[in-house]
Amino acid sequence: MDFDDREEKSMEELRKSLKRITPVPIWEMAKAVCLGMRKMQYLALGRHAMVSNKKKYSLRDIETSRRNLRANFTAYHLMCFRIHFVRRVLQRYEYWNRKFCTVNIETTGFCNRKCSFCFNHDRFPKRERGRMQEETYKKIIDELAELNFCGRLSYAFYGEPLLDTRLPAFIEYARERLPLCFIDIHSNGDMLDEELLITLVNKGVDHFLITNYDDHERPLLESLARKYPVPVTLRSYRDFGKTDRAGEIFKRGNTLGSPCLRPSSALVVNWKGNVVLCCQDFYQKYSFGNIKEKSLWEIWNDKQFVYYRKQLRSGNRRVAKICTHCDDGGGVPW
């Protein structure tokens, strides 16, 4: 199914999804969003409140991407409106009803890089590696569909998602079941070329966050970022600060007193199907259940998981050992 066919189908799904996801009038939902944003500012002390990987696009960016993807004008612009506006409103409404707004799925535990600021580096103990079973993956997606999930679905943890040859089929399945979600791939770009990019976009990917971990420019990635500015964001590893993940990467010994909203907003599932505390929990020291044995909703409402989230929202970062010296800002990954 090419992009235009997918968008024609998704518009019908959008109408159905809006009826399912919007049980209240649109003006009441908008009011809830505004009140939620104000509440978030008090809860998270302003600057810690919100994190977003999404950049602002100009009409030129949208048209450049559309032309190079050879997409229909109307279908592509409606897609941009659906994904970057309608979905965001619905997503915030869901979040303030105490649902997660982001799901991170690790379909493979393998990575071809050994960055010094990552647990995959040789100086850290190895963890067991493998690939997520297809049945496990489909169970996650099916349960998200039952929850009318319209947030961000990220293929990200510590494995490199493009090493998984099943990814196009996985993306296609997710898009069919979750027509409103924002599908995001975090990658080092080593396996990415234009053919694969177009294939994944046609299957349903909305955005690639590509990080160049080399000390020199990579012409192919630069070219893709210029040709497809809407679906591709390219950055260098030198462009952002490095988090002291679980207080173990740099051992800075910092202890923050600010709220951490990540466990309250993002559900992280590793390749084994275990739901862990957050994206910093490489060794799954805090696991609250396996999707093979429980539903996502049961795990999300696990008493211990709820307790940790409540404590971290209040700013108690000493509640878990991996949080005590973690210096992540703790924002909501919209």
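Residues numbered from 1 in each chain as written. Predicted model: local features only at pLDDT ≥ 70, side-chain atom pairs only at ≥ 80, totals over all residues. Heavy atoms only, no water.

**Overview of unusual backbone geometry**
Moving on, step 1. Unusually for a residue other than glycine, Asn-148 sits at a positive phi of about 55°.
Moving on, step 2. Position of Asn-148 among the secondary structure elements: in the loop between α5 (134-146) and β3 (152-155). (Helix = DSSP H or I, 4+ residues; strand = E, 2+ residues; numbered from the N terminus.)

**Focus on the layout of surface pockets**
Moving on, step 1. Within this model, the largest pocket holds a volume of roughly 1100 Å³.
Moving on, step 2. Forming the boundary of the largest pocket are 41 residues, of which His-186, Tyr-213, Arg-235, Phe-240 and Arg-245 lie nearest the centre.
Moving on, step 3. Going through the elements one at a time, β2 (102-105), β4 (182-187), β5 (207-212), α9 (262-265) and β7 (266-269) are the ones with two or more residues in the lining of the largest pocket.
Moving on, step 4. Of the residues assigned to the lining of the largest pocket, the class counts are 19 nonpolar, 13 polar and nine charged.
Moving on, step 5. Taken together, Gly-109, Cys-111, Arg-113, Lys-114, Phe-119, Asn-120, Pro-125, Lys-126, Arg-127, Arg-129 and Phe-282 make up the lining of the second largest pocket.
Moving on, step 6. Of the residues that constitute the lining of the second largest pocket, the class distribution is four nonpolar, two polar and five charged. (1 Å grid on protein atoms, 1.4 Å probe; cavity = no way out; pocket = protein on both sides within 12 Å on 5 of 7 lines; lining within 4 Å. Points joined across faces, edges and corners; volume = space filled by probe spheres on them. Nonpolar A, V, L, I, M, F, W, Y, C, P; charged D, E, K, R; others polar.)

**Describing the sheet that holds β7**
Moving on, step 1. Across the sheet, eight strands lie side by side as β6-β5-β4-β3-β2-β7-β8-β9; this open sheet has mixed pairing. Of all strands in the sheet, those bounded by a partner on one side alone are β6 (232-236) and β9 (287-290). Neighbour to neighbour, the strand axes of the sheet diverge by 20° on average, direction disregarded.
Moving on, step 2. Each of β2, β3 and β7 touches α5; the most contacted strand, β2, lies at about 175° to it.
Moving on, step 3. Set on the sheet, helix α8 (residues 219-227) makes contact with β5 and β6; between it and β6 the angle comes to about 140°. (Pairing = 2+ DSSP bridges. Axes fitted to C-alpha atoms, helices over the stretch in contact; angles between N-to-C directions. Contact = heavy atoms within 4.5 Å.)

**Re the nonpolar core**
Moving on, step 1. Membership of the largest hydrophobic core comes to 74 residues, with the highest contact counts inside it found for Tyr-137, Leu-144, Leu-153, Tyr-155, Ile-185, Phe-208 and Leu-277.
Moving on, step 2. Each residue touching Leu-277, except ones within four places of it in the same chain, is listed here: Pro-263, Tyr-286, Phe-288, Phe-305, Tyr-308, Leu-312, Ala-320, Ile-322 and Cys-323.
Moving on, step 3. Tyr-95, Trp-96, Cys-101 and Leu-261 belong to the second largest nonpolar core, which has five residues in total. (Core = buried A, V, L, I, M, F, W, Y, C linked by side-chain atoms within 4.5 Å. Buried < 20%, exposed > 50% of the residue type's maximum accessible area, 1.4 Å probe, protein only.)

**Focus: the pairing of β6**
Moving on, step 1. The pairing of β5 with β6 spans five bridges and is parallel. In the strand pairing of β6, Leu-209 is matched with Thr-233.
Moving on, step 2. As for the winding sense of the linkage, the β-α-β connection from β5 through α8 to β6 is right-handed. (Right-handed = clockwise from strand over helix to strand, strands pointing away.)

**So, helix α3 (residues 59-69)**
Moving on, step 1. When α3 is considered as a whole, its buried residues turn out to be Ile-62, Glu-63, Ser-65, Arg-66 and Leu-69. Projected down its long axis, α3 shows its buried positions confined to an angular sector of 165°, all on one face. Among the exposed residues of α3, those pointing more than 90 degrees away from its buried face are Arg-60 and Arg-67.
Moving on, step 2. Packing partners of the buried residues in α3 comprise α4 (73-95), α7 (194-203) and α8.
Moving on, step 3. Looking one or two residues past α3, Arg-70 carries a phi angle of roughly 60°, positive in sign. (Arc of directions from axis to C-beta.)

**Concerning the pattern of salt bridges**
Moving on, step 1. Scanning all chains against the criterion turns up 21 salt bridges.
Moving on, step 2. Here Arg-127 ties to Glu-106 by a salt bridge, and the two come within 2.6 Å at their closest N and O atoms. Remark: Glu-106 occurs in the loop between β2 and α5 and Arg-127 occurs in the loop between β2 and α5; sequence separation between them is 21 residues. Here Arg-127 and Glu-106 have matching classes, each one buried.
Moving on, step 3. A salt bridge links Asp-164 to Arg-131, with the nearest nitrogen and oxygen atoms 3.4 Å apart. Placement of Asp-164 in the loop between β3 and α6 (167-177) and of Arg-131 in the loop between β2 and α5 is noted, with a sequence separation of 33 residues between them.
Moving on, step 4. Residue classification places Asp-164 among the buried positions, given a relative accessible area of 2%.
Moving on, step 5. Since its relative accessible area comes to 44%, Arg-131 is described here as partly exposed. (Salt bridge = Lys/Arg side-chain N within 4 Å of Asp/Glu carboxyl O.)

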